[in-house]
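# Tertiary structure, described
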Amino acid sequence: MTEPLRSIAVILLVLFGLLTVAALLVWLERRLLGRWQERYGPNRLGPFGLFQTVADTIKLLTKEDWVPPFADKPVFVIAPAVIMVTVLMAFAIVPFAPGLQVVDLNIGVLFFLGMSSLGVYSVVLAGWSSDNKYALIGSLRAAAQMLAYEVFMGLSLMGVVILAGSFSLVRIVDAQRGLWFCVPQILGLIVFANAGLAETRRLPFDLPEAESEIVAGYHSEYSGMKFGMFFIGEYLGVTLISAMVVTLFFGGWRGPWLPPVVWFALKTFVLVCGFILLRATLPRPRFDQLMAYGWTVMLPLALVNLVVTGAIVLARG
Amino acid sequence: MLSVLKSLWVVFRHMFHRPVTIQYPEQKAYLPPRWRGRIILSRDPDGGERCVGCYLCAAVCPVECIALQATEDEHGRRFPDFFRINFSRCIYCGFCEDACPTYAIQLTPDYEMSEYQRPNLVYEKEDLLIDGEGKYPGYNYYRVAGVAIGGKDKGEAEREAPPADVRMVMP
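What counts, and at which threshold
- Residues numbered from 1 in each chain as written.
- Chains lettered and ligands numbered in written order.
- Predicted model: local features only at pLDDT ≥ 70, side-chain atom pairs only at ≥ 80, totals over all residues.
- Helix = DSSP H or I, 4+ residues; strand = E, 2+ residues; numbered from the N terminus.
- Buried ≥ 20, exposed ≤ 12 C-beta atoms within 10 Å, placed from the backbone.
- Contact = placed C-beta atoms within 7 Å.
- Axes fitted to C-alpha atoms, helices over the stretch in contact; angles between N-to-C directions.
- Parallel < 35°, antiparallel > 145°, perpendicular 65-115°, else oblique.
- Left-handed = near helix turned anticlockwise from the far one by under 90°.
- Pairing = 2+ DSSP bridges.
- Nonpolar A, V, L, I, M, F, W, Y, C, P; charged D, E, K, R; others polar.
- Expected span 1.5 Å × (residues − 1).
- Core = buried A, V, L, I, M, F, W, Y, C linked by C-beta atoms within 7 Å.
- pLDDT = per-residue confidence, 0-100.

### Digging into the overall build of chain A
- Assigned secondary structure in chain A consists of 10 helices and zero strands.
- Along the first, second and third principal axes, the C-alpha atoms of chain A reach 65 × 50 × 45 Å.
- Per-residue burial for chain A yields a buried fraction of 45% across its 317 residues.
- Across chain A, the fraction of contacts at a sequence separation of at least 24, relative to all contacts at a separation of at least 6, is 77%.

Written as structure tokens, this is what we have:
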């Protein structure tokens, strides 16, 4: 097969795979939350309630797609698309298996960080264009939270980059041939997982959409498939962060016996379940607690990790 | 940090508990016999209506969902001409059952009375009347009460002495 055709095939595969996964995650999360709360969760529609996702999608698609008359219409429409685009773009650099990757950028980690930073625009613009005080508060919270957590999200990955000697994710996976980076970079893993959680605005870091205080935060005014885009964007974000944690800290597609793609999917699945478990367990902190946690605990941890890793690598020569 | 990990473990362990959910249409929860659900009008052991149309239930009803009109048959026996309960208003408080002097109105352990049309929630006497005696079998108001109706004069009820002649009661 020629190179462009192969690229297009991989892109389509990744795109459809991801959208299916994101849709199924809605079901998975509801089932798991149910089980952890001693309920069943959706189990009526189809085998194990799997078609619940289809029903939800049909519902979202057929709902009235309402744009409030006071909203800033073009921005209001673009905002949900931004989050989908940025998250899907970030998946371009994830190596699902040897050769199964849209593009092997030599600045892969930076590209991922850039794309996840751009994702903030979606939230901020959505809140701003809604012209609603709750949406605005939500988006301001999101902006402050992202600003705080982005800083050490980048810093926490520098340890991995120092050890691998490259920003390319393929090289980073190759560098984990002997030992996964979750052992020497345990601090980096903890900080990155926290930052990733905040980045996807999931519980316990979902203050931008805290429904007990500010209705639904930045997407209060959204309905129909525009809301669905935020929804799917969130689940894609969870998948992205899990995939990045797997790639950067848990050896990517490496593993014995099973084919690489299966290992990658398995590890990502476990991490996604971990994300959902966090949501099922932890309550939402106050906003000042969230900021204090970020600036006074996570940032110093990331810096210590970076300094120590750098020093050890330098000492070893 | 340790407490977070501990709570994560506690929540995760719930994975292996049996869910407490009752899968409703297939499984049903146990309802005690005195559960307050759909209201019925019962009959006495002889098959007559127990309701004597005293209006106490309608008077005590806090949401005024009961409407009735009392009338009498040729024997002087009172019964409701119509008896209407608007279940879209009823709050199932059971006051009507408490107020009823003849055990006629009773609440039953049945809650499956959803309707697509709101007017269908207004139950008429034919919908309310059952053929049985409900929770209080063997009770017949006219057989124990001292009121005279056709076929049963004063003093002929169960455990009732004949009426005293007041002119014979001397001080």
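### Brief notes about the packing of helix H5 (residues 133-164) of chain A against helix H7 (residues 186-199) of chain A
All names here are of chain A.
- For the pair H5 and H7, interaxial distance at closest approach is 8 Å and the crossing angle is 150°. Taken together, the axis directions place H5 and H7 in an arrangement best described as roughly antiparallel. The hand of the H5/H7 crossing is left-handed. Taken together, the residues of H7 that come into contact with H5 (itself represented by Gln-145, Met-146, Tyr-149, Phe-152, Met-153, Ser-156, Leu-157, Gly-159 and Val-160) are Gly-188, Val-191, Phe-192, Ala-195, Ala-198 and Glu-199.

### Details of the pairing of strand E3 (residues 78-86) of chain B
Residues and elements named next belong to chain B.
- Pairing geometry for strand E2 (residues 66-72) and E3, over seven bridges, is antiparallel. Its bridge partner being in E3, Gln-69 is matched across the sheet by Phe-82.
- Two successive antiparallel strands, E2 and E3, enclose a turn made up of five residues, where Gly-76 displays a positive phi of approximately 80°.
- Here two bridges tie E3 to strand E5 (residues 122-123), and the two strands are oriented antiparallel to one another. Bridge pairing in E5 places Asn-86 opposite Val-122.

### Some thoughts on the interface of chain B and chain A
- On the chain A side, the residues contacting the 11 residues of chain B number nine residues.
- Residues of the side of chain B that touches chain A, tallied by class, amount to seven nonpolar, four polar and no charged.

### A few points about the packing of helix H1 (residues 3-36) of chain A against helix H9 (residues 260-281) of chain A
Residue and element names in this part refer to chain A.
- Direction vectors running N to C along H1 and H9 enclose 50°, while the axes themselves pass 10 Å from each other. In terms of orientation, H1 lies oblique with respect to H9. Crossing of H1 against H9: the hand is right-handed. Of H9, the residues touching H1 (which contributes Leu-25, Glu-29, Leu-32, Leu-33 and Trp-36) are Val-272, Cys-273, Ile-276 and Ala-280.
- Here the contact of H1 with H9 is built from residues that sort into eight nonpolar, no polar and one charged.

### Here we look at the sheet that holds E2 of chain B
- In space, the three strands of this open sheet follow the order E2-E3-E5 (chain B), with antiparallel pairing throughout. Of all the strands in the sheet, the pair left with one neighbour each is E2 and E5 of chain B.

### A look at helix H4 (residues 108-130) of chain A
- Across its 23 residues, H4 of chain A extends 34 Å between first and last C-alpha, which sits within 8% of the 33 Å expected from 1.5 Å per residue.
- One or two positions beyond H4 of chain A, positive phi appears at Asp-131 of chain A, with a value near 55°.

### Structural notes on the nonpolar core
- Counting residues in hydrophobic clusters, the biggest one holds 83 residues, and the most contacted among them are Phe-152, Ala-195, Leu-236, Leu-240, Val-245 and Leu-248 of chain A.
- If we skip the residues at most four places from it in the chain, Val-245 of chain A touches Phe-192, Ala-193, Gly-196, Phe-250 and Leu-271 of chain A.

### A look at the confidence of the model for chain B
Residues and elements named next belong to chain B.
- Here chain B shows a mean pLDDT of 88. Residues at 70 or above account for 100%.
- When pLDDT is averaged over each helix and strand of chain B, the minimum, 85, is found for helix H5 (residues 141-144) and the maximum, 93, for helix H2 (residues 56-60).
- The ipTM value of the predicted complex is 0.72, and its pTM value is 0.77.

### Details of unusual backbone geometry
- Not every positive phi belongs to a glycine, and Trp-257 of chain A is a case in point at roughly 60°.
- Locating Trp-257 of chain A in the fold gives a position in the loop between helix H8 (224-249) and H9.
- Despite not being glycine, Glu-64 of chain B has its phi angle at roughly 55°, a positive value.
- In this fold, Glu-64 of chain B is placed in the loop between H2 and E2.
- Overall, Glu-64 of chain B belongs to the exposed group, with 10 C-beta atoms counted inside 10 Å.

### Some details on the environment of Lys-135 of chain B
Residue and element names in this part refer to chain B.
- Looking at the secondary structure, you find Lys-135 in the loop between helix H4 (125-128) and H5.
- Lys-135 gets classed as partly exposed once you count the C-beta atoms within 10 Å, which come to 15.
- Separated by 32 residues in the primary sequence, Lys-135 and Tyr-103 place their C-alpha atoms 8.5 Å from one another.

### A look at the environment of Pro-162 of chain B
Residues and elements named next belong to chain B.
- Within the fold, Pro-162 resides in the segment after H5.
- Look at Pro-162 and you get exposed, because 9 C-beta atoms sit within 10 Å.
- Note: C-alpha distance between Pro-162 and Gly-146 (16 residues apart in sequence) is 9.8 Å.

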